[in-house]
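# Report on the structure
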Amino acid sequence: MWRLWFCFFLLTVIRTPGQIISTPLNHTVCTLRVDVTFADGGRAASGVRVQILQGLANAAPMQVVMTNSSGSAEFPGVPPGDYRVEVSGEGIQTTSSDVIHIEDGRVFMSQMITVRKTEDPSNSAGKNGLGNFVSLAELNVPEKASEELTHGAAEMQHNNWKKAAEHFNKAISIYPQYASAYYNLSVAYGKLNKPEQQRDALQKTLKINGNFAPALVSLAHLEVADHKPQPARALLDKAVLADPNNVEALALRARVDFMQGQDQQAIADAQRVHEMPHQGYATVHYTAAGALQRLNRIPEMVAQLKLFLQEDPTNPRAEYVRQTIAELQGQTH
């Protein structure tokens with residue numbers, strides 16, 4: 001039974017960022033504001049991607065918004081609990097926050113997150129990879145196009161995805177080389193359940209800036225959903241080259257390798273993820289366990305399953321994993 005169970009789980013589970021936050025009964029909800037600043041001073045501009053994740057060991061992606069012209073993003077209606085936020089975008093290093101605890105009864109909370117530009121020489125991604133460098137085209141954005149991007153980002157904060165898409169399309173009509181507008185448009189189309197338009201917007205983003213890691217990873221997710229692991233792998237290779245510390249890209253690449261029977265590569269990427277902060281990606285150990293199983297390295301497989309439980313002890317499948325560990329350990333005695 002357990003042998004089949006691993007394959008079923010790994011081939012069917014796909015992370016789905018952007019889900020709407022649910023509100024538990026009898027609790028006060030909070031508005032969480034995230035202020036994004038640069039390590040060398042100043043606030044981020046509009047259009048930076050901010051994602052909120054719920055939980056600790058295996059934080060689940062809940063909602064994505066874009067910063068406004070002041071470098072802020074707001075998440076209304078957040079219930080009490082523990083959260084993290086992840087900031088990414090063109091020209092910055094993907095950055096995760098520490099745990100944000102929202103107490104019951106709190107109606108407003110602000111959190112500041114400091115990020116580094118990818119061209120910053122103190123940023124390891126800038127030294128070891130291409131980074132998400134801002135394209136020359138992005139430096140020549142007309143003011144009216146930038147204003148449309150800001151208006152679209154504001155609509156995204158209120159989940160007005162159709163209106164947001166309209167603003168991003170206006171920005172693109174003013175300045176067709178606007179990579180950030182195309183990327184934000186892809187997010188809006190994803191929310192509107194328009195995968196073909198989402199794919200087209202991502203492809204146009206990458207045509208302008210081929211090293212934009214968030215767009216590469218998003219397009220790879222679409223390829224995986226369409227059961228096309230080979231093109232997904234090529235996109236993820238490029239994303240990891242652009243941003244070597246991109247945990248999402250590495251975790252997804254490990255899963256894609258497992259799908260293609262490339263077990264050693266899957267284990268290697270899982271190990272790289274484990275060596276970095278990887279809240280929300282405990283399932284990478286599950287991927288490694290499946291690869292080790294196929295290599296008949298059962299003790300190491302058990303160790304990966306234990307890491308999975310350690311990082312995500314309340315996962316709905318945790319009890320089944322415990323039973324599997326007990327069965328495997330029993331076979332070795």
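A few words now on helix H4 (residues 161-174). Taking 1.5 Å per residue as the helical rise, H4 with its 14 residues ought to reach 20 Å, and the 20 Å between its terminal C-alpha atoms agrees with that figure. All of the buried residues along H4 are Trp161, Ala164, Ala165, His167, Phe168, Ala171 and Ile172. Buried residues of H4, viewed axially, fall in a sector of 165°; they line one side. Residues Lys162 and Ser173 are exposed on H4 and point more than 90 degrees away from its buried face.

In an α-helix, one turn spans 3.6 residues, which is why side chains three or four residues apart end up on the same side. In this model helix H7 (residues 213-225) runs 18 Å from its N-terminal to its C-terminal C-alpha over 13 residues, within 8% of the 18 Å that 1.5 Å per residue would give. For H7, a buried count of 12 out of 13 residues is recorded, marking the element as mostly surrounded by other parts of the structure. The complete set of buried residues in H7 reads Ala213, Pro214, Ala215, Leu216, Val217, Ser218, Leu219, Ala220, His221, Leu222, Glu223 and Val224. Note on H7: the residue one or two positions beyond its end, His227, has a positive phi of about 60°.

This part takes up the pairing of strand E5 (residues 81-88). In terms of residue burial, E5 counts as a mostly covered element, since six of its eight residues are buried. The pairing of E5 with strand E6 (residues 95-96) spans two bridges and is classified as antiparallel. In the sheet register, Val87 faces E6, and the bridge partner there is Thr95. Remark: six residues form the turn of the hairpin made by E5 and E6, two consecutive strands paired antiparallel; Gly91 in that turn has positive phi of roughly 90°.

Turning our attention to the packing of aromatic side chains. Summed over the entire model, instances satisfying the criterion amount to three aromatic pairs. Ring centres of Tyr175 and Tyr178 lie 6.2 Å apart, and the angle between their planes is 65°; this geometry places the pair in the edge-to-face category. By relative accessible area, Tyr175 is classed as buried at 13%. The buried category is assigned to Tyr178, whose relative accessible area is 4%. Ring centres 5.0 Å apart and planes at 65° place the aromatic pair Tyr183 and Phe212 in the edge-to-face group. Of this pair, Tyr183 sits in helix H5 (residues 179-191) while Phe212 sits in the loop between helix H6 (195-208) and H7; the two residues are 29 residues apart in sequence, bridging distant segments of the chain.

We now examine the confidence of the model for the protein. Of all residues in the protein, 83% attain a pLDDT of 70 or more, and the chain-wide mean is 81. With pLDDT under 50 throughout, residues 7-25 is counted as low confidence; its partners more than four residues away or in other chains account for 45 contacts. Contacts for the low-pLDDT stretch residues 120-134, under 50 throughout, to residues beyond four places or in other chains number 43 contacts.

Counting buried residues along strand E2 (residues 49-54), five of its six residues qualify, which places the element largely inside the surrounding structure. Pairing between E2 and E5: six bridges, direction antiparallel. Note on E5: the bridge partner recorded for Gln54 is Tyr83.

Where helix H12 (residues 298-311) meets helix H13 (residues 318-331), the axes come as close as 10 Å, and the angle between the chain directions of the two elements is 155°. On the basis of the axis angle, H12 is roughly antiparallel to H13. For the pair H12 and H13, the sense of crossing is left-handed. Contacts between H12 and H13 pair Ile298, Met301, Val302, Leu305, Lys306, Phe308 and Leu309 from the former with Ala318, Val321, Arg322, Thr324, Ile325, Leu328 and Gln329 from the latter.

Attention now moves to the sheet that holds strand E1 (residues 30-38). The mixed open sheet is built from three strands, whose spatial order is E4-E1-E8. For this open sheet the edge positions go to strand E4 (72-78) and strand E8 (108-115), each flanked by a neighbour on one side alone. In this sheet, neighbouring strand axes are inclined to one another by 20° on average, regardless of whether the strands run parallel or antiparallel. As defined by bridge partners, E1 adjoins E8 across eight bridges and the pair is classed as parallel. Across the sheet, Leu32 pairs through a bridge with Met109, a residue of E8.

Conventions adopted
- Residues numbered from 1 in each chain as written.
- Predicted model: local features only at pLDDT ≥ 70, side-chain atom pairs only at ≥ 80, totals over all residues.
- Heavy atoms only, no water.
- Helix = DSSP H or I, 4+ residues; strand = E, 2+ residues; numbered from the N terminus.
- Expected span 1.5 Å × (residues − 1).
- Buried < 20%, exposed > 50% of the residue type's maximum accessible area, 1.4 Å probe, protein only.
- Arc of directions from axis to C-beta.
- Pairing = 2+ DSSP bridges.
- Phe/Tyr/Trp six-rings, centres within 6.5 Å; stacked < 30°, edge-to-face > 60°.
- pLDDT = per-residue confidence, 0-100.
- Contact = heavy atoms within 4.5 Å.
- Axes fitted to C-alpha atoms, helices over the stretch in contact; angles between N-to-C directions.
- Parallel < 35°, antiparallel > 145°, perpendicular 65-115°, else oblique.
- Left-handed = near helix turned anticlockwise from the far one by under 90°.

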